[in-house]
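These are the residues of each chain, in order.
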Amino acid sequence: MPGMVVFGRRWGIASDDLVFPGSFELFVRICWWIGTMILYTYHKGHIDCNGRGVLQGYLIGLLVVLALIILSLCAIVYVSAQGTITNPGPRRSIPVLVYLRALLYIPELVWACLGAVWVSDDGKGCDPATVGAVIAAVVASWIILLLTALGVVFVFDPLGNPRSQPAAPEPLGVRDLESSEGTQFFSTARSLAVKVWESRLRLLCCCLPQDESNRTVFSNIAKLFSGFFSDTDLVPSDIAAGLALLHQEQDKMEQSREPSVVVTHSPSSPIGEDLEAELEKAAHCMRFAAAAYGWPLYIYSNLFTGPCKLSGDCCRSRAAEYEVVGGDNLGCHFSSILHTTGLQYRDFIYVSFHNQIYEIPFFVALDHKREAVLVAVRGTLSLRDVLTDLSAECENLPIEGVSGACYAHKGMCQAASYIYKKLVNDGILNQAFSIAPEYKLVITGHSLGAGTASLLAILLRNSFPTLQCYSFSPPGGLLSKALADYSKDFVVSVVLGKDLVPRLSIPNMEDLRRRILKIVSNCNKPKYRILLQGCWYELFGGDPDDFPTEMDNRRQQELSQPLLGEESLMIDDSPAHTSTHLPLFLPGRVLHITEDGPSRRTCFTEVRYRAEWSNEMAFRSILISPRMLSDHMPDAVLGALNSLTCDRPFSLCPSAVNSSQPSTV
């Protein structure tokens, strides 16, 4: 950090990012040079075939070109490994070395063409092994040239055009932003960033209709992304290094923290009746939330038996029988729901797999075991769902009887309004309660479905005062404080371990960005060492790093100053740069499930879980962990709940997850 400036523009790669690609290419080039030298030595003086002069010249020239490339790569790798992330001073010669390496592509291209000409015209009659070696060298040359071109495209930064630098030598900070020139500069940069992100989203979502509503969604998400990334000059490897350092820092703090007294679930230490009852209900509802994902999750959770069970049901003509099902052309989704929930066809009131932005699948069924009309909302499973997730700005959601500011996540608020209209305006709930008037209303969902289910429960609360909602792994940036407090009477949120999504909100992401900037600015280790040690720590564990910092020898103000023309765009943590986004919270009461014991286990180690009531403030910071994504998976949440409610240890292995998921009620 910051991005390297060569060829008159800033690139999405820093001057210390050339260690690993340079080392890999250096290894390939050395092997190539040795092979070429063996070939030349073996055939020297007795090449008696057509074009032997061209071949000998080709081999000698190739040895020279490879030697020059090897020397340039050695210099690049060595210089790139010097300094630290925010101190590129020892790497001041990297641009010159990059220019030199780029010049060497010209003779390499010429020699690749020369080798191709010799193979096609003059290689006849020569030793087949020699011809094969030359062909391999020519192919290798073209492959490396192609990979280089792809690498240039990959690290190209559309926002990296040369910028007019401020006349003052101070780093960009509050003073620059307060000036009219600085304001105009950042306004132009952010406007361009919005256009670039919008173009990226349109390209990524090229399969979706490019109508006006979708373009509005793209524009809103582009503004969010550009606003988050516009005031830093982080390259992707800087973020990776910062995450590696943060993970070790968090683990070190966790190890030094005194163990807290928690209520665990075990035969010798029974949990409270209220918590135990909620766990039983949550485990039951989670099966329906998982079923809403349809056949993809069912196959994933039952790799050996799932395809066989569904193969006889999919593609079978059931138009008359499945008249309550919409959007499931092959019938595979509904068949998997039947297998997962153990319900019969007659128990379903409405099933919709219609999926658009702000319109997500859900089903309504009669749960006779719990005497409930159950509404299950599907989580993220498509690109449209991802766009709904990313529509994270706030939207007003006034609710009668709730005092205080009422607002919520826009995408999920829109999705909840869509399902609300279906349930109420289309008479789906009236139909369900006409069949079972004594049943209560229960709403459930996982991830995107959890957030939508919570908002749907808030919308329906006044009409159905006894309703209950079980929200599994909901997003952290969902409800305003007033709505979150209001939902505590009827919403239970279940969070597993260090799941990222319940901790994911715009303020939390801004806090994570500030922590990354701080820790990479302070660390005095080169980036390649940080990444190597981070990978080793993630894979094999060990003791967290001691985090030596440059603050011992350098002042923080000096670290933020521009170095060698590579201007840092790090913004300080002054009040002028505090988050402008409204705070959002988890819904309802929060039931947190964590592993009881060491966090690092082998695949066959038995795991016990513990459950405790928590609060939304415990999820105001993102925790870096290898489990931050796996703990969000619906099968992992279901397995943990089954483990807690069945009084048996639960293994993390996929086979154990599958076996712990019953197919019937």
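If you check an unreviewed UniProt entry, the protein appears there as Diacylglycerol lipase-beta from Mastacembelus armatus. Listed in UniProt under the heading Cofactor (unreviewed entry), the comment for the protein reads: "Ca(2+)". The UniProt entry for the protein carries the following text under Sequence similarities (unreviewed entry): "Belongs to the AB hydrolase superfamily. Lipase family."

Caption draft 1: Quick look at the pairing of strand S5 (residues 362-367). Most of S5 is tucked away: six of the six residues are buried. Examined bridge by bridge, strand S4 (residues 348-352) and S5 share four bridges and lie antiparallel to one another. Paired with Ser352 across the two strands is Phe362, which belongs to S5. By the bridge criterion, six bridges tie S5 to strand S6 (residues 372-377) in an arrangement that is antiparallel. Directly across from Val364, in S6, lies its bridge partner Val375. If you look at the hairpin formed by S5 and S6, you'll find four residues sitting between the two strands, and Glu371 has a positive phi there, around 50°.

Caption draft 2: Examining helix H23 (residues 634-646) more closely. Look at H23: 18 Å from first C-alpha to last across 13 residues, which is about the 18 Å you get at 1.5 Å a residue. Here H23 has its buried residues at Pro634, Asp635, Ala636, Val637, Leu638, Gly639, Ala640, Leu641, Asn642, Ser643, Leu644 and Thr645.

Caption draft 3: Structural context of the pairing of strand S12 (residues 589-595). Across the seven residues that make up S12, a large majority, six, are buried. Bridge count between strand S11 (residues 491-496) and S12: five bridges; the pairing is parallel. When the bridges of S12 are listed, Val495 appears paired with His592. Sheet topology places S12 next to strand S14 (residues 609-614); six bridges connect them, and they run antiparallel. Of the residues in S14, the one forming a bridge with Ile593 is Ala611.

Caption draft 4: How the structure looks around the environment of Arg589. Mapped onto the secondary structure, Arg589 falls in strand S12. As a C-alpha pair, Arg589 and Asp485 span 104 residues in sequence and 8.7 Å in three-dimensional space. Those residues in contact with Arg589 that lie beyond four places of it in its chain are Asp274, Glu278, Lys488, Val491, Val492, Ser493 and Trp613. Of note is the side chain of Arg589, whose polar atom sits 3.2 Å from the side chain of Glu278.

Caption draft 5: Geometry of the packing of helix H9 (residues 236-256) against helix H20 (residues 527-540). Where H9 meets H20, the axes come as close as 9 Å, and the angle between the chain directions of the two elements is 50°. In terms of their interaxial angle, H9 and H20 are classed as oblique. Two packed elements cross with a definite hand, and for H9 against H20 that hand is left-handed. Residues Ser237, Asp238, Ala240, Ala241, Ala244, Leu245, His247, Gln248 and Asp251 of H9 touch H20, and the partners they reach there are Lys527, Ile530, Leu531, Gly534, Tyr537 and Glu538.

Cut-offs applied
- Residues numbered from 1 in each chain as written.
- Predicted model: local features only at pLDDT ≥ 70, side-chain atom pairs only at ≥ 80, totals over all residues.
- Heavy atoms only, no water.
- UniProt positions renumbered as here; feature names shortened; annotations may be inferred.
- Buried < 20%, exposed > 50% of the residue type's maximum accessible area, 1.4 Å probe, protein only.
- Helix = DSSP H or I, 4+ residues; strand = E, 2+ residues; numbered from the N terminus.
- Pairing = 2+ DSSP bridges.
- Expected span 1.5 Å × (residues − 1).
- Contact = heavy atoms within 4.5 Å.
- Polar contact = N/O pair within 3.5 Å; in protein donor to acceptor, adjacent residues only side chain to side chain.
- Axes fitted to C-alpha atoms, helices over the stretch in contact; angles between N-to-C directions.
- Parallel < 35°, antiparallel > 145°, perpendicular 65-115°, else oblique.
- Left-handed = near helix turned anticlockwise from the far one by under 90°.

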